[in-house]
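Observations on the three-dimensional arrangement
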Amino acid sequence: MLIQVNQDNQQFHLTNGKVSYIFHVMKNGQLGHLYYGKALRHRSDFSHLQAYDVPTAASCHVYEDDPAFSLETLRQEYPAYGNSDFREPAISVSKAGEAHVPNFTYESFRILDGKPGLEGLPATYTEEEGQAGTLQVTLKDHYLQAELTLNYTIFRDHPVIARSASLKNAGEDQLVIDRLMGASLDFPDKDFRFIHLAGTWSRERHVKERALETGIQSISSLRGASSHHHNPFLALKRPDATERSGEVFGFQFVYSSNFIMQVEVDHYDVARLTAGIHPFDFQWNLGPEQTFQTPEVVMVHSGEGLNGMSQAFHDLYREHLIPAQWRKGERPILINNWEATYFDFNEDKLVNIAKSARELGIELFVLDDGWFGKRNDDTSSLGDWHVDYDKLPNGIESLARKIKETGMQFGLWFEPEMISPNSELYREHPDWAVGFADRPHTLGRNQRVLDFSRPEIVEYLYEKMAAIIRETGLSYIKWDMNRNITEAYSSRLAPNQQGEFFHRYILGVYDLYEKLTKEFPDVLFESCAGGGGRFDPGMMYYAPQAWASDDTDAVERLKIQYGTSYAYPLYSMGSHVSAVPNHQTLRTTPLSTRANVAYFGTFGYELDPLKLTEEERTEIKEQAAFYKKHRKLVRDGQFYRLLNPFAGNETAWMIVSRDQSEALIGWYKVLATANPPKQQTLRLDGLDPSKVYQVPGLAQSFYGDELMAVGLPLPTEFNGVNRQKAERGGDFQSQVFYLQSTEVSKL
């Protein structure tokens, strides 16, 4: 049983042998938190896991005759502010025009097999009986006549619990929600390091770490997107935890708009984590019989360090988040024309690029920005989703057909959420743009944002995009979003509904994705937002891969892809080889190093194959063949981080097959060092200690325990005097090794 209930003392225990989550009904009817962590044996009473009989100084208490029962000092499941708890709450709701301190008390529970979907929202899912169990606990505020349901799903095969909440107005008065978190969790101490992923355009998801201290530490976005700047992920690790050992708690918010994830440490060192829709500028009007559903929070517990946490996220998302048809579907090697042509192209140029790319073993041609309206630069035509006949006089269908005749698949770039002031659509519907009609507005990349909170706009975009998909028979869409939302105002929402705008907007985005993916399940969607500005699990539910960053420089991608791997599987990362000097950094790196980084993701190219030398063409043919040979391992294998680019000059990672019979290792050194050690090794992870492994091209074989304890010998490095023996040297070095177990039983 995944969910056990002690009826006599109203205790709930979710456990699968990997993790336990325990809470109960306190004597005031509210829910108290007892334990979250390593799996515990079930017992008839867990009350001892929280002390209720120890009063503290200067605490307000609920009962006159019980000074120890203070919500200020008790760990809770879904706290409200104002009834002796002074910390930030999970919920704030009242009747319209009235003040109220929420008081939700226990009513009932039910247990479901599997996991119900969340209406209108992306979420993890199950497909077979027994894959998960869900506990729904309902509480009620009798003054508000409001029902709060807390959802807890525990997955059978993963150390994962997914949480969300819904609030139903069961009365006759309108309610106003000011704050409704997806989850709240009180830890008994603050002895953690706070890890999150931060950055900006072209250097997204860099790993940041700091100690928890008294006060509030938070990450958030108010941009209308999860953002380049803070990913909706955080981890709390014990100070002694490493990549391979120690306790780590990981959290992800399955949402693509404004969010907050924070930890508040109080005066008794209790650490309260909350995650949900950002309450700033959020307010939801809830009419009678209406329900508001929060997005979900995915919680991972690892007793095997940060790598264990990451592998749990990776496995969960591969099996229970991305669209089912892409779990085992091979992602094609693609070439995108953007850096080859920008806006300057015609049909012949594109077809010639496709033909040349096909000769190299590339499988998918993607036409990026500039094929529609009168789009010769970024100042016009967004919203005019019809072909530019000046560039493509035979139409988009003709181009698609000719591309496919080369043996390539065909894909297109869209930016459906945007509108150019210089466009036919804007001249016809200026009120479709987000913002005030009679006040100044800001531009980003010379464009404004379409009001996706309006269903008629979503339907308009659906009709336009669906018609092009049908016309071209395309197999891939790159969905871009190149600016964030400012002047957040909808002309169709009432003044008291403007606080609903951001959430209604992203629900509109999800709705368009839902319509398109349902009708065209075989089209591969790749999400993009100026690169990695909306790389989140909410998007992954519809688009199983995301453009990790507009920055394709191999050196910068080491940190970007390393940080992204904390929460996202490799096969979700769009990672390509681009031309040099790199268009974002002007850095020139070897073609081999660019490929050696890009292999660890969804492989592709951003360059003009017509400008390659014969030597480069030969090398790219070999790269494409190598990736095709190993992409199933990249898709399905277990990922291990070995050397941290934020801690030194070298980076390393590896993928190991589930049966430990093969592995792919990437090693990278950014800058050369003078007179390095004459013998260097790289310690590996995840191998079978008793198996013998062979590296093609090396005469020596190795036991798995030797490779993990001593390391894999690296090729000899130039040290100033060994030029004849040196196998590598200089800046931007890299090596990719393939290991395969052999039949040899002894060495």
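Residues numbered from 1 in each chain as written. Predicted model: local features only at pLDDT ≥ 70, side-chain atom pairs only at ≥ 80, totals over all residues. Heavy atoms only, no water.

Identification of the protein as Alpha-galactosidase from Mesobacillus foraminis is taken from an unreviewed UniProt entry. Of the comments in the UniProt record for the protein, the one headed Sequence similarities (unreviewed entry) reads "Belongs to the glycosyl hydrolase 36 family." Its UniProt record, at the heading Catalytic activity (unreviewed entry), says of the protein: "Hydrolysis of terminal, non-reducing alpha-D-galactose residues in alpha-D-galactosides, including galactose oligosaccharides, galactomannans and galactolipids." (UniProt positions renumbered as here; feature names shortened; annotations may be inferred.)

Let's shift gears to the overall build of the protein. In terms of regular secondary structure, the protein is built from twelve helices and 38 strands. Taking 2.2 N^0.38 as the reference for a compact globule, 747 residues should give roughly 27 Å; the C-alpha atoms of the protein span a radius of gyration of 27 Å, in line with that estimate. Taken over the C-alpha atoms alone, the protein extends approximately 85 × 75 × 45 Å along its principal axes. Out of the 747 residues in the protein, the part that is buried amounts to 61%. Residue pairs at least 24 apart in sequence account for 70% of intrachain contacts in the protein once pairs closer than 6 positions are excluded. Per element, the accessible surface of the protein, about 27,900 Å² overall, is 48% carbon and sulfur. Taking the average place of the 75 positive charges on the side chains of the protein and the average place of its 100 negative ones, the gap between the two points comes to 5 Å. (Helix = DSSP H or I, 4+ residues; strand = E, 2+ residues; numbered from the N terminus. Rg over C-alpha atoms; globule rule 2.2 N^0.38 Å. Buried < 20%, exposed > 50% of the residue type's maximum accessible area, 1.4 Å probe, protein only. Contact = heavy atoms within 4.5 Å. Areas by Shrake-Rupley, 256 points an atom, 1.4 Å probe, with all protein chains shown as cover. Lys, Arg positive; Asp, Glu negative; His and termini not counted. Charge placed at Lys NZ, Arg CZ, Asp CG, Glu CD.)

Residues annotated in UniProt with the feature "binding site: substrate" (unreviewed entry) correspond here to Trp 201, Asp 368, Asp 369, Arg 445, Lys 478, Trp 479, Asp 480, Met 481, Asn 482, Cys 528 and Asp 550. For Lys 478, a relative accessible area of 6% translates into the label buried. Those residues within four positions of Lys 478 in sequence are excluded, and the remaining contacts are Asn 336, Asp 368, Leu 412, Trp 413, Phe 414, Glu 526, Cys 528 and Trp 547. A distance of 3.3 Å separates a polar atom in the side chain of Lys 478 from a polar atom in the side chain of Asp 368. Residue placement: Asn 482 occurs in the loop between strand E26 (476-479) and helix H7 (501-519). Engagement of the side chain of Asn 482 in a polar contact is seen with the side chain of Asp 480, the distance being 3.2 Å. (Polar contact = N/O pair within 3.5 Å; in protein donor to acceptor, adjacent residues only side chain to side chain.)

With 13 residues, helix H3 (residues 347-359) extends 19 Å from end C-alpha to end C-alpha; this agrees with the ideal 18 Å at 1.5 Å per step. Within H3 the residues assigned to the buried category are Glu 347, Leu 350, Val 351, Ile 353, Ala 354, Ser 356 and Ala 357. Looking at the buried residues of H3, the elements they touch are strand E21 (334-336), helix H2 (338-341), strand E22 (364-367), helix H4 (395-405) and helix H11 (614-636). Between the side-chain oxygen at the start of H3 and the backbone nitrogen of Asp 348 there is a gap of 3.2 Å, and the oxygen is on Asn 346. Backbone geometry just downstream of H3 places Gly 361 in the positive-phi region, at approximately 100 degrees. (Expected span 1.5 Å × (residues − 1).)

All right, on to the domain arrangement of the protein then. How big an interface is tends to be expressed through the accessible area that disappears when the partners come together. The domain architecture assigned to the protein consists of domain 1 (3-321), domain 2 (331-633) and domain 3 (650-742). A separation of 43 Å is found between the C-alpha centroids of domain 1 and domain 3. (Domains from an automatic or database assignment.)

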